Amino acid sequence: MSFFIGAIAQGLLWAVMAIGVYITYRILDIADLTAEGCFTLGAGITCKLITSGLNPFLSTGIALVGGLLAGLCTGVLHTKLKIPALLSGILTMTGLWSINLRVMGKSNIPLLREKTIISLLESLGFEKNYAAIFSGLILTAIVILFLWWFFSTEIGYALRATGNNKNMIRANGVDTDKVTILGVMLGNGLIALSASLVAQFNNFADIQMGVGSIVIGLASVIIGEVVFGKRTILRSLIAVALGSVLYRIIIALVLELGLKTDDMKLISSILLAVALCFPNIRNIATRNLKNSIQRGGK
Amino acid sequence: MLKLQEVHQKFEIGTVNEKHILHGINLTVNEGDFITIIGGNGAGKSTMLNAIAGSNQITSGKIFIDNIDLTNAKEHQRAKYIGRVFQDTRMGTASDLSIEENLAIAYRRGKARGLKVGITQSERKMYKELLTSLDLGLENRLKDKTRYLSGGQRQALTLIMASFHHPKILLLDEHTAALDPKTAKNVLDLTVKIVGENKLTALMVTHNMKDALKIGNRLIMLHKGNIILDISGEEKAKLGVSDLLKMFEKASGEEINNDRMLLS
């Protein structure tokens, strides 16, 4: 059962990352690969600052700012310099590799006996996985409540409409460039925030740790929506967070079946591919079912 | 009110595909004008409306609204003066947002948007009353996403949104062309009603000559990027479709060769 608790812990730590991906992928309708570099950035900033003796909460906050800046870069490349979104994300992601190495000073920063948010909770008597569940749950709840409120404001409406119909929202007087930049910043800020917590749980930051994170985020978004629904914004946000947990449970089960951690990336990709085509398969299946019922009735 | 001076619009300049769509349009629209715009395919009707709205930056010339030079203003900056309804019924609303959310977005057209609540309770009440008075069957569907509406309902909704806060200019770009005849008539009636009640200044592109003659106080015909006919008042009221065809032949020096205009 311990693998199950571990999976829930990982899922909740990554839930905010999935919500960040949800903002760019679903709300703005952009596949933003900045995530890969941004995730490492959040973890790297956190570990660098914590090992320099900074308060872990403050370090986490600065990681969030780092993510916002990474998003700003991608947003400006895409809107002001008219580079396609996918390419803008790739450019930032690639550039961030060097920046991350500069920030970290080396390719791996271990946290040995430093104070982290997780270790603080442990000193209060939490077992490590439960410390992760507790902190992940609180952070995810705060983020969901914040976004639920934000998406019901005037700017929030404008952001949702921008991803939906740029012509319409421009005709209603909204500068879609500004709103798009804001959305990409928000998404990447959350990704870095999540990464900060993941690093404090894992006790290290590694230059490689962001690789494949976009696939994990997207898989969580899609699995969450397919399983838990997406009728309202609040429902979608909760569904994506639960999707992140479900993703980790599926991965943990697959690993229990005897696959190695080296197979993780392949499993992630297959899982995402299945989740992506699931709605189509379901449509085809229901159509075939209807057809066969009709045929049967004749 | 609205003034276009020597407006030229070219696309793909400097390539073999260069297209010169508007050839120095001069047009002064007076306050309260309801102008219908006709012309064949490629005459520049939509391009002219896009130039006014700022969807395309014009190549040369000037555009004024109330003597304010808007030539270099971006589309979203002009939005506070302009309401728009498009031909494509999906273009006017955000399909994943609800009816009331779309209305609330339009209600803030041209205003600064902040972190205030996106729709207030009193607005909800107002929208419900508004939709009830228009009898579109939408008053109990305020929470429905607009993707679930019919094309006619979406156009009616877009029309209401575009007419909020008395825009200086209402641009209607063949906004009934994608609808079936009965729905098209309903939306057109609603258009006439809204423009009349609110005393709006409107430009309406249509390919239906009868509608163009029946509706509005002024008629403009475009041909190859030029205004070849501009009639209003009495003169327009007396005109029939056959007169219009003759005037077109005389003005353009060619016979009309556009099935869509003739058959409709």
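Refer to the structure above for everything that follows.
As the structure is a prediction and not an experimental result, all values here were calculated from the model. (Residues numbered from 1 in each chain as written. Chains lettered and ligands numbered in written order. Predicted model: local features only at pLDDT ≥ 70, side-chain atom pairs only at ≥ 80, totals over all residues. Heavy atoms only, no water.)

Description of the sheet that holds strand 5 (residues 68-69) of chain B
Residues and elements named next belong to chain B.
Part 1 of the argument: Reading across from one edge, 2-1-4-5 is the order of the 4 strands in this open sheet, with antiparallel pairing throughout. Strands with a single pairing partner mark the edges of an open sheet, and in this sheet they are strand 2 (19-29) and strand 5.
Part 2 of the argument: Across 5 bridges, the pairing between strand 1 (residues 2-11) and strand 4 (residues 60-65) is antiparallel. By the bridge assignment for strand 4, Lys3 is matched with Phe64. (Pairing = 2+ DSSP bridges. Helix = DSSP H or I, 4+ residues; strand = E, 2+ residues; numbered from the N terminus.)

Concerning the sheet that holds strand 8 (residues 202-205) of chain B
Residues and elements named next belong to chain B.
Part 1 of the argument: On the basis of which strands lie adjacent, the open sheet formed by 6 strands has the order 6-7-8-3-9-10 and mixed pairing. Of all strands in the sheet, those with a lone pairing partner are strand 6 (82-85) and strand 10 (226-232), marking the two edges. Averaged over neighbouring strand pairs, the angle between their axes works out to 15 degrees when direction is ignored.
Part 2 of the argument: In the sheet, strand 7 (residues 169-173) pairs with strand 8 via 4 bridges, with the strands oriented parallel. Across the sheet, the residue bridging to Leu170 is Ala202, located in strand 8.
Part 3 of the argument: The sheet contacts of helix 1 (residues 45-53) involve strand 3 (34-39), strand 6, strand 7, strand 8 and strand 9 (218-223), and relative to strand 7 the element is tilted by about 150 degrees. (Axes fitted to C-alpha atoms, helices over the stretch in contact; angles between N-to-C directions. Contact = heavy atoms within 4.5 Å.)

Details of the packing of aromatic side chains
Part 1 of the argument: In total, this model carries 9 aromatic pairs over all chains according to the counting rule given.
Part 2 of the argument: Seen in terms of ring centroids, Phe150(A) and Phe151(A) are 5.5 Å apart; in terms of plane orientation they differ by 65 degrees. Their pairing is edge-to-face.
Part 3 of the argument: Ring centres of Tyr127(B) and Phe164(B) lie 6.1 Å apart, and the angle between their planes is 35 degrees; on these two criteria the pair is classed as tilted. Note that Tyr127(B) is positioned in helix 4 (residues 121-134) and Phe164(B) in the loop between helix 5 (151-162) and strand 7, a separation of 37 residues in sequence.
Part 4 of the argument: On the basis of relative accessibility, which here comes to 8%, the residue Phe164(B) falls in the buried class.
Part 5 of the argument: Members of the aromatic cluster, joined through ring pairs, are Phe146(A), Trp149(A), Phe150(A) and Phe151(A).
Part 6 of the argument: Positioned above the aromatic ring of Phe201(A), the side-chain terminus of Lys128(A) is 4.9 Å from the ring centre.
Part 7 of the argument: Sitting over the ring of Trp14(A), Arg248(A) keeps its end group 4.6 Å from the ring centre. (Phe/Tyr/Trp six-rings, centres within 6.5 Å; stacked < 30°, edge-to-face > 60°. Buried < 20%, exposed > 50% of the residue type's maximum accessible area, 1.4 Å probe, protein only. Lys NZ or Arg CZ within 6 Å of the ring centre and 35° of its normal.)

Some points on the nonpolar core
Generally speaking, soluble globular proteins have nonpolar side chains that are buried together.
Part 1 of the argument: Counting residues in hydrophobic clusters, the biggest one holds 120 residues, and the most contacted among them are Ile19(A), Leu147(A) and Leu103(B).
Part 2 of the argument: It is helix 1 (residues 2-27) of chain A that contributes the most residues to this core, 15 residues altogether.
Part 3 of the argument: Setting aside anything within four residues of it in sequence, one finds Ile19(A) in contact with Thr140(A), Val143(A), Ile144(A), Leu147(A), Leu190(A), Leu237(A), Val240(A) and Ala241(A). (Core = buried A, V, L, I, M, F, W, Y, C linked by side-chain atoms within 4.5 Å.)

These values are about where atoms sit, not about what they do.
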